[in-house]
Amino acid sequence: MPTIKQVADRAGVAVGTVSHVINASVPVSDVLKRKVQAAIRELDYHPNHVARSLKTSRTRTLGIIVPDMTIPYFPRVIRGAEAAARACNYSLIAVNSDDDPVRQKDLLSLLRSQRVEGILLAVSAGPTPLAQINRLISAGIRLVCVDRIPDRLPVDSVSVEDVSAAELGIDHLIEMGHRRIAIVTGPMSLKNERQRVLGYYRALERAGLPSDPALVWEGNIRTGDVTVMCRERLRDRAPRPDAIFATNGPTGLGVLRALHECGLHTPKDMALVTFDELTVDDLFRPAVTTVVQPAYEIGFRAAEILLQRIEGVERQDEPLTIRLLATLRIRESSAHRNAGGLSA
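Q: Please set out unusual backbone geometry residue by residue, giving values where relevant.
A: Of note, the bond from Thr-266 into Pro-267 is cis; its omega dihedral lies within 30 degrees of zero at -5°. Residue position: Pro-267 is located in the loop between α11 (249–261) and β9 (271–275). Residues other than glycine seldom take positive phi values, yet Asn-89 does so here, at roughly 65°. Tracing the sequence through the fold places Asn-89 in the loop between α5 (73–87) and β2 (91–96). Phi angles above zero are rare outside glycine, and Arg-152 is one such case at about 60°. Tracing the chain through its elements places Arg-152 in the loop between β4 (142–146) and β5 (156–160). Of the residues examined, Arg-152 reaches a relative accessible area of 70% and is grouped as exposed.

Structure (structure tokens):
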């Protein structure tokens, strides 16, 4: 097994220079850095991070907990966070809570036992473990919330501006001539879902349209459950809405399946706008209009703030609240009310 001295000899530099490159502890010129990195690759050298962490009490490791890695939005968040971590010579451990508050608590404990220096957290839909999180913070582990921002937890957070993002989708449907617009939500225990519903109501009010509680359909982020719920409402209630806004990707997919099972077509029978890109959106015909969150940037900015807290760059006591703007990607599913359409 090659040693750090062998790397230094191969690169023609001092051992300390190799250490500075590996740990990013002291600035090193690009020329020397490239020499060291080339020697590391040639010798297949792997630093003993466990031994180093025991010696320095630093692991240069972050953790991120997300509810469901199969939802396309969250891998993009993780990629952004990993890029920010890698740029500062940190590694990132990504774990999946399955949107289960018990598993989330276990994962917080696991990351603490792995001696991570900071955690990015997208909370599960259940109760937020405030006491456990406060203990983590008291133990010196920094925490930044991403996407799902819990109530009563004064920590740094990065997410989309949910109210205006929902307004984008509803405003567009109204502009397309739709007046009876249903909203299909995830669990209302989540603050971001409540904010998106608020955006829905504000858009209706601004357009002078009445709000109907019967058109607010609360679901969850399990596509199958949403399909069943929407199918029952579409079959049993009249009059049907002429458009649907889904507040997250899995919910949007559930709506599409319910429309198909009810023999309804978008946009001919019902227009549709979803929050977040769907997994295989290119395969949907007609293609689905989507409110797009800057997922990569959310992950990157959150990790950047976390690293600044860890390194002492960001010293203000008040939590940082970053809200990024969404964009609207208009496709065929939200065509004008009087336009024809193909099967969804």
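Q: Give a description of the nonpolar core that names residues and reports values.
A: In this structure, Leu-120 and Phe-245 are the most contacted members of the largest nonpolar core, which totals 70 residues. Here this core gets 8 residues from one element, more than from any other, and that element is helix α12 (residues 295–311). Among the nonpolar cores identified, the runner-up in size contains 18 residues, and Leu-121, Val-123, Leu-143 and Cys-145 belong to it.

Q: Account for the sheet that holds strand β12 (residues 327–329), naming residues and giving values.
A: Taking strand neighbours across the sheet as the criterion, the 6 strands line up as β7-β6-β8-β9-β10-β12 in an open arrangement whose pairing is mixed. Of all strands in the sheet, those with a lone pairing partner are β7 (216–218) and β12, marking the two edges. The mean inter-strand angle of the sheet, taken between neighbouring strand axes irrespective of direction, is 20°. With 3 bridges connecting them, strand β6 (residues 181–185) and β7 associate as parallel partners. In the strand pairing of β7, Thr-185 is matched with Glu-218. Its contacts with the sheet put helix α9 (residues 191–206) on β6, β7 and β9, and the angle it makes with β6 is roughly 170°.

The rules behind each value
Residues numbered from 1 in each chain as written. Predicted model: local features only at pLDDT ≥ 70, side-chain atom pairs only at ≥ 80, totals over all residues. Heavy atoms only, no water. Helix = DSSP H or I, 4+ residues; strand = E, 2+ residues; numbered from the N terminus. Buried < 20%, exposed > 50% of the residue type's maximum accessible area, 1.4 Å probe, protein only. Core = buried A, V, L, I, M, F, W, Y, C linked by side-chain atoms within 4.5 Å. Pairing = 2+ DSSP bridges. Axes fitted to C-alpha atoms, helices over the stretch in contact; angles between N-to-C directions. Contact = heavy atoms within 4.5 Å.

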